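So you can see what is in the structure, the chains are spelled out below.
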Amino acid sequence: MGKYKICVYAICKNEEQFAQRWMQSMSEADQVMVLDTGSTDDTVALLRQNGAQVTVEEIVPWRFDTARNRSLELVPQDVDICVCTDLDEVFRPGWRERLERTWKTGMGQVSYRYTWSFEPDGSEGYVFWSEKIHARHGYRWTHPVHEVLEWTGAGKRPGIVPVEGIQLDHYPDPTKSRGQYLPLLELSVTEAPEDDRNMHYLGREYMYRGRWDDCIRTLKHHLNMPTATWADERAASMRYIARAYVNKQEGENALQWYLHAIVQAPHLREPYTDLAAFLYERQEWDGVLYFTGRALEIRERPRTYICEAAAWGSLPWDLRAMAFYHTGRLEEALESARQAARLSAKDERLAGNVRAIEKQLEDRKGR
């Protein structure tokens, strides 16, 4: 028993493939409470065999906030710290000790490092800081999808304290459908039309679905909302608008929106990298070199979810290598190609680029 009583809580359905691994990862908690919303496989049995207390209850109509709040209701009232995770997530060992070292009575919420995706070579992909560890009282979940914790306690909402060293990794089932996300996002925007965050998410979802005009319309609306003041998210909306215009083959509109995104958030790598990739397709090599150079000047990875794996991986170096190569600067091309290959060690194309440039340089010296 530690300094505080800690309870992990979760929702699940048909996740037998993850159950034992998840329970092992969550075993540092005092209790594990799970709301199963209708599994037809062995999820419930496996969870119970491994020590979880499981309640089976369908949520109709389905909403993530309703399910999360119902699972939170299962957490005993005397718990100090609630840890909300999903069954396809895994804490690295030692998370409880780090949490207790930081937590103090009266705190409300903490944040921790979260790897949402991994690259094919096993390196980290999309990384940000999550905030799903919270005090037992004063919180509830809101929004049908992309649900967030809402403060319901008395007085001012407590601040969110970062906990260094806690790492949660996400290993999702790639066969799982995202089909429910769009209608739930549309419902969320209908319920709370003033919520700029979900307007942004809705526009992004339209982009994922290839609904370019809906994406552009929705994200322009997001940018016009008086509460949409966070520069990072505004820049993301601008980049997604640009991507939609690219797919509509309206290159000049895309270019303008990429430039808007850079002006909006010059402290982020993503706008520079997106524009460099766009200019690469147009074979505008000097532009590729300029904007990859600006991207690579930014060395501190932000802790927000507006942080895409491509901008922090091999892509800027790869684009830069190709631009140097096409402008005849083989030494600079080789240096950038090696950096790209180092960051994606299992990518044979990048390794092949290094070998090809090295051979050309050797041939040049041999003449």
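Residues numbered from 1 in each chain as written. Predicted model: local features only at pLDDT ≥ 70, side-chain atom pairs only at ≥ 80, totals over all residues. Heavy atoms only, no water.

Chemist: Can you break down the overall build of the chain residue by residue, with the values?
Modeler: Within the chain one finds 14 helices and 10 strands. When the backbone C-alpha atoms are referred to their principal axes, the chain occupies close to 75 × 45 × 40 Å. Within the chain, counting contacts between residues at least 6 apart in sequence, those at least 24 apart form 65% of the total. Surface exposure of the chain reaches about 17600 Å², of which carbon and sulfur atoms provide 50%. Averaging the locations of the 48 positively and 56 negatively charged side chains of the chain gives two centres separated by 3 Å. (Helix = DSSP H or I, 4+ residues; strand = E, 2+ residues; numbered from the N terminus. Contact = heavy atoms within 4.5 Å. Areas by Shrake-Rupley, 256 points an atom, 1.4 Å probe, with all protein chains shown as cover. Lys, Arg positive; Asp, Glu negative; His and termini not counted. Charge placed at Lys NZ, Arg CZ, Asp CG, Glu CD.)

Chemist: Explain the pairing of strand β9 (residues 148-151) to me, using residue names and the numbers behind them.
Modeler: Relative to β9, strand β8 (residues 139-142) runs antiparallel, the two being bridged by four bridges. When the sheet's bridge partners are listed, T142 is paired in β9 with V148. What sits between β8 and β9 in their antiparallel hairpin is a turn of five residues, with H143 showing a positive phi close to 90 degrees. (Pairing = 2+ DSSP bridges.)

Chemist: Hey, could you go over the sheet that holds strand β3 (residues 53-56) for me, with residue numbers and the actual values?
Modeler: The eight strands lie next to each other as β3-β2-β1-β4-β7-β6-β10-β5, forming an open sheet whose pairing is mixed. A strand with exactly one partner marks an edge of an open sheet, and here the two such strands are β3 and β5 (89-91). Within this sheet the neighbouring strands show an average axis-to-axis angle of 35 degrees, counted without direction. Of the pairings in the sheet, the one linking strand β6 (residues 109-115) to strand β10 (residues 160-170) comprises six bridges and is parallel in character. Paired with S111 across the bridge in β10 is P162. Set on the sheet, helix α1 (residues 16-25) makes contact with β1 (6-12), β2 (31-36) and β5; between it and β5 the angle comes to about 25 degrees. (Axes fitted to C-alpha atoms, helices over the stretch in contact; angles between N-to-C directions.)

Chemist: Please provide a residue-by-residue account of the packing of aromatic side chains, values included.
Modeler: Tallied over the full model, the rule gives 14 aromatic pairs. Among the aromatic residues, ring-to-ring pairing joins Y114, W116, Y126 and F128 into one connected group. Residue placement shows R68 over the ring face of W141; its charged tip is 5.9 Å from the ring centre. Taking NZ or CZ as reference, R269 lies 4.0 Å from the ring centre of W312, over its face. (Phe/Tyr/Trp six-rings, centres within 6.5 Å; stacked < 30°, edge-to-face > 60°. Lys NZ or Arg CZ within 6 Å of the ring centre and 35° of its normal.)

Chemist: Before we move on, can you summarise helix α4 (residues 95-102) with the specific residues and values?
Modeler: In an α-helix, one full turn covers 3.6 residues, which means residues spaced three or four apart are oriented alike. Along α4, the positions that sit buried rather than exposed are W95, R96, L99, E100 and T102. In an axial view of α4, the angular spread of the buried residues amounts to 165 degrees, which keeps them on one side of the axis. (Buried < 20%, exposed > 50% of the residue type's maximum accessible area, 1.4 Å probe, protein only. Arc of directions from axis to C-beta.)

Chemist: Hey, could you go over helix α3 (residues 64-73) for me, with residue numbers and the actual values?
Modeler: α3 sits mainly inside the fold: seven of its 10 residues count as buried. Along α3, the residues that are buried comprise F64, D65, A67, R68, N69, S71 and L72.

Chemist: Help me get a handle on the pairing of strand β7 (residues 127-135), residues and values and all.
Modeler: Extensive coverage of β7 is indicated by the burial of seven of its nine residues. In the sheet, strand β4 (residues 81-84) pairs with β7 via three bridges, with the strands oriented antiparallel. Paired with V83 across the strands is I133, a residue of β7. Examined bridge by bridge, β6 and β7 share six bridges and lie antiparallel to one another. Pairing of V110 across the sheet is with I133, part of β7.

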